[in-house]
Amino acid sequence: HSADAHRTDLMTITRFVLNEQSKHPESRGDFTILLSHIVLGCKFVCSAVNKAGLAKLIGLAGETNVQGEEQKKLDVLSNEVFIKALVSSGRTCILVSEEDEEATFVEPSKRGKYAVVFDPLDGSSNIDCGVSIGTIFGIYVLKHLQEPTLDDVLQPGKNMLAAGYCMYGSSCTLVLSTGNGVNGFTLDPSLGEFILTHPDIKIPRKGKIYSVNEGNAKNWDSPTAKYVENCKFPKDGSSPKSLRYIGSMVADVHRTLLYGGVFLYPADKKSPNGKLRVLYEVFPMSFLMEQAGGQSFTGKGRALDLVPKKIHERSPIFLGSYDDVEEIKGLYAAEE
Ligand code: AHG
Ligand code: MN
Ligand code: MN
Ligand code: MN
């Protein structure tokens, strides 16, 4: 494969997904059409984020969302863009967004067989200071097409057909899994296309980095406290791990996926279910981690086995390198 073959043999995300689709002869391209609309949303948000400072998109929209968070203008704008793109794809029937208290049920004439759960802008606290932020999404197929209800989207993460995120950082990178491994695509702004740059991502089995908001240490339970202590003062004489915490889940997870290590958002006395939301943060990132050879644990069990009861339900999460998460599982098992 010579370099110029790469230059002329552009593996765009659309072509990549079409290749995937050819493995499912029964599919009629619905998924490819859905994905192309998600990609459109990501391209829009990427350009809005890059112009945010200039386009006066920085700052608050003056509203608060169901999470009780002050909505940033970009939170609201990104949410509207994704809702419109997903509805207009004609392939969705239920949409769950972090920014909308209620699920969106698509009108029958525009209804398709997919339910999409998404966090239109993750890491909002980092928008105004230019630190990487992102979009996270997960896709379920509905079992039936009659009147869809919330039950059709309150499914365990292991039922997801696909999951991914787009990170708006020094470059715009979209990481996707459709259940056959994980692949990364980088936006080439001159083409307006996402090009395959990280084929078949596998997370290192063990890492040297832990990622957690140490500011919550006072409220951690003892297995979490013990694990973090071991990262700093290893009992086996190995060298201490490095701490890296960006505060945008997409950026912290992307680094963990590429470099290895573990990302934690544990429960604490103030928030017994942790902070991260099951449907559109915990599930998509856990799906990707398992597909990349890592794993994801809630403190009680496998994250993808959770069955959410509410669309904005939260869960503690420990995800990343397989061996590192095993260590955390051991500490929780010892406390049972
Ligand atoms: P969002 O901006 O979509 O509400 O998500 C923010 C989340 C997640 O991105 C990050 O891992 C976490 O908040 C950081 O929380 P702390 O500031 O409490 O560490
Ligand atoms: Mn938020
Ligand atoms: Mn988020
Ligand atoms: Mn968000």
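If you're wondering where the values come from, they're calculated on a predicted model, not measured in any experiment.

> Looking at this structure, I do not really get the sheet that holds strand 7 (residues 162-168). What am I missing?
As a general point, the strands of a sheet are linked pairwise by backbone hydrogen bonds and lie either parallel or antiparallel. Taken in spatial order, the eight strands line up as 4-3-5-6-7-8-9-10 in an open sheet, and their pairing is mixed. For this open sheet the edge positions go to strand 4 (104-105) and strand 10 (193-198), each flanked by a neighbour on one side alone. Here seven bridges tie strand 6 (residues 133-141) to strand 7, and the two strands are oriented antiparallel to one another. Looking across to strand 7, one finds that Thr135 is bridged to Cys166. Against the sheet, helix 7 (residues 278-291) engages strand 3 (92-97), strand 5 (111-122), strand 6, strand 7 and strand 8 (172-177), with an angle of about 80 degrees to strand 6.

> Is there a simple way to think about empty space enclosed by the protein in this case?
Think of a ball as big as a water molecule: rolled over the atoms, this probe shows where empty space is left. Tallied over the full model, the rule gives three cavities of 30 Å³ or more. As a volume, the largest cavity reaches approximately 40 Å³. Taken together, Phe16, Glu20, Leu176, Ser177, Thr178, Asn180, Gly181 and Asn183 make up the full set of residues lining the largest cavity. Those elements that place two or more of their residues in the lining of the largest cavity are helix 2 (13-22) and strand 8. Its residues assigned to classes, the lining of the largest cavity comprises two nonpolar, five polar and one charged.

> What is the right way to read the UniProt feature "domain: Fructose-1-6-bisphosphatase class 1 C-terminal" (unreviewed entry) in the chain from this model?
The UniProt record marks residues 203-331 with the feature "domain: Fructose-1-6-bisphosphatase class 1 C-terminal" (unreviewed entry), using the residue numbering of this structure. Strand forms 12% of residues 203-331 and helix 36%; the C-alpha atoms that close the span are 22 Å apart.

> Honestly, the site of ligand 1 in this entry has me stumped. Any pointers?
Around ligand 1 sit 18 residues in total, of which Asp122, Gly123, Ser124, Tyr245 and Tyr265 are the nearest. Within the contact set of ligand 1, an oxygen atom lies 2.9 Å away from a side-chain nitrogen or oxygen of Asp119. Glu281 places a polar side-chain atom, nitrogen or oxygen, 3.4 Å from an oxygen atom of ligand 1. Of all the secondary-structure elements, those providing two or more residues to the shell around ligand 1 are strand 5 and strand 13 (262-265). Grouping the amino acids of the shell around ligand 1 by side-chain chemistry returns six nonpolar, five polar and seven charged.

> Which parts of the structure should I look at to understand the packing of helix 3 (residues 30-51) against helix 4 (residues 73-88)?
Any two packed helices are characterised by the angle at which their axes cross and by the distance between the axes. Contact pair helix 3 / helix 4: the axes reach a minimum separation of 9 Å and the direction vectors enclose 160 degrees. Judged by the angle between their axes, helix 3 and helix 4 are roughly antiparallel. As for the relative orientation of helix 3 and helix 4, their crossing is right-handed in sense. Across from Leu34, His37, Ile38, Gly41, Cys42, Phe44, Val45, Ala48 and Val49 in helix 3, the residues of helix 4 making contact are Leu74, Leu77, Ser78, Val81, Phe82, Ala85, Leu86 and Ser88.

So, how was this worked out
Residues numbered from 1 in each chain as written. Chains lettered and ligands numbered in written order. Predicted model: local features only at pLDDT ≥ 70, side-chain atom pairs only at ≥ 80, totals over all residues. Heavy atoms only, no water. Pairing = 2+ DSSP bridges. Helix = DSSP H or I, 4+ residues; strand = E, 2+ residues; numbered from the N terminus. Contact = heavy atoms within 4.5 Å. Axes fitted to C-alpha atoms, helices over the stretch in contact; angles between N-to-C directions. 1 Å grid on protein atoms, 1.4 Å probe; cavity = no way out; pocket = protein on both sides within 12 Å on 5 of 7 lines; lining within 4 Å. Points joined across faces, edges and corners; volume = space filled by probe spheres on them. Nonpolar A, V, L, I, M, F, W, Y, C, P; charged D, E, K, R; others polar. UniProt positions renumbered as here; feature names shortened; annotations may be inferred. Near = heavy atom within 4 Å. Polar contact = N/O pair within 3.5 Å; in protein donor to acceptor, adjacent residues only side chain to side chain. Parallel < 35°, antiparallel > 145°, perpendicular 65-115°, else oblique. Left-handed = near helix turned anticlockwise from the far one by under 90°.

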